[in-house]
Amino acid sequence: MKKKLLSFITVVLLATGMYWFKGVDLLTKTPQENPSSSAQVTLHFPSDRYPETAQHIKEAIQTGKSSVCTIDREGAEQNRKHSLAGVPARKGYDRDEWPMAMCSEGGKGANVKYIAPKDNRGAGSWVSHQLDEYEDGTRVKFVVK
């Protein structure tokens, strides 16, 4: 009986860990027929884990910002500098950018919103981990769940 219970607990923990770290249906590859109009990867952003960031992404896309991010890690620092220019820091808040600085679509003209640091930094870390294996130039379609 103890072995069955231990096995059951192990399976539950492994399944929970897989969901937590990798996500269930959070990242899917899509066929790329026309690189200029379709993303290579679709990332399902978890609004239940990062609600402020998710809301910001939704709002920014609704106002015309791109839902597609072309990964450009080398351009992130420059993009961040341009997107945050003229947006003063506020104590107790982070300045969240959409499109993100790591996207070639980011930079000047990005939508910037003040949100809680925990939400913003958690979301940034989560996105970074999800996209680690993809090279610069990969197009990622963000879908907020």
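You'll find the structure just up there.
Residues numbered from 1 in each chain as written. Predicted model: local features only at pLDDT ≥ 70, side-chain atom pairs only at ≥ 80, totals over all residues. Heavy atoms only, no water.

Where helix α2 (residues 51–62) meets helix α4 (residues 117–131), the axes come as close as 7 Å, and the angle between the chain directions of the two elements is 75°. On the basis of the axis angle, α2 is roughly perpendicular to α4. Across the interface between the two elements, P51, E52 and T53 from α2 touch D119, N120 and A123 from α4. Split by residue class, the contact of α2 with α4 holds 2 nonpolar, 2 polar and 2 charged. (Axes fitted to C-alpha atoms, helices over the stretch in contact; angles between N-to-C directions. Helix = DSSP H or I, 4+ residues; strand = E, 2+ residues; numbered from the N terminus. Parallel < 35°, antiparallel > 145°, perpendicular 65-115°, else oblique. Contact = heavy atoms within 4.5 Å. Nonpolar A, V, L, I, M, F, W, Y, C, P; charged D, E, K, R; others polar.)

This part is about unusual backbone geometry. For the bond from W98 to P99, the omega torsion is -5°, close enough to zero to count as cis. For P99, the position within the fold is in the loop between β4 (94–98) and β5 (111–115).

As a further point, take the side chain of T138. Here T138 is to be found in the loop between α4 and β6 (139–144). A residue is classified by how much of its surface remains accessible, and T138, at 9% relative accessible area, is buried. (Buried < 20%, exposed > 50% of the residue type's maximum accessible area, 1.4 Å probe, protein only.)

Applying the stated criterion to the full structure yields 1 disulfide. Here C69 pairs with C103 through a disulfide, and the sulfurs are 2.1 Å apart. Around the S-S axis, the bridge from C69 to C103 shows a dihedral of about -100° and counts as left-handed. Taken together, the residues C69 in strand β3 (residues 68–70) and C103 in the loop between β4 and β5 connect sequence positions 34 residues apart. Exposure class is identical for C69 and C103. Each is buried. (Disulfide = S-S within 2.5 Å.)

In this structure, strand β2 (residues 41–45) lies alongside β6, joined through 5 bridges in parallel fashion. Within the sheet, the bridge partner assigned to H44 lies in β6 and is V143. One ladder, built from 3 bridges, connects β3 with β6; its direction is antiparallel. What sits directly across from V68, in β6, is K141. (Pairing = 2+ DSSP bridges.)

If you walk through the whole model with that rule in mind, you get 4 aromatic pairs. Judged by centre distance (6.5 Å) and plane angle (70°), the ring pair of Y93 and Y114 falls under edge-to-face. Here Y93, found in the loop between α3 (76–84) and β4, pairs with Y114, found in strand β5; they are 21 residues apart in sequence, far enough to count as distant. Given a relative accessible area of 44%, Y93 falls into the partly exposed group. For the ring pair W98 and F142, a centre distance of 5.0 Å and an interplane angle of 80° mean the geometry is edge-to-face. Pair noted here: W98 is in strand β4 and F142 is in strand β6, with a separation of 44 residues, a long-range link. Just as W98 is buried, F142 falls in that class too. Ring-pair connections join several aromatic residues into one group, and the members of that group are F45, Y50 and W126. (Phe/Tyr/Trp six-rings, centres within 6.5 Å; stacked < 30°, edge-to-face > 60°.)

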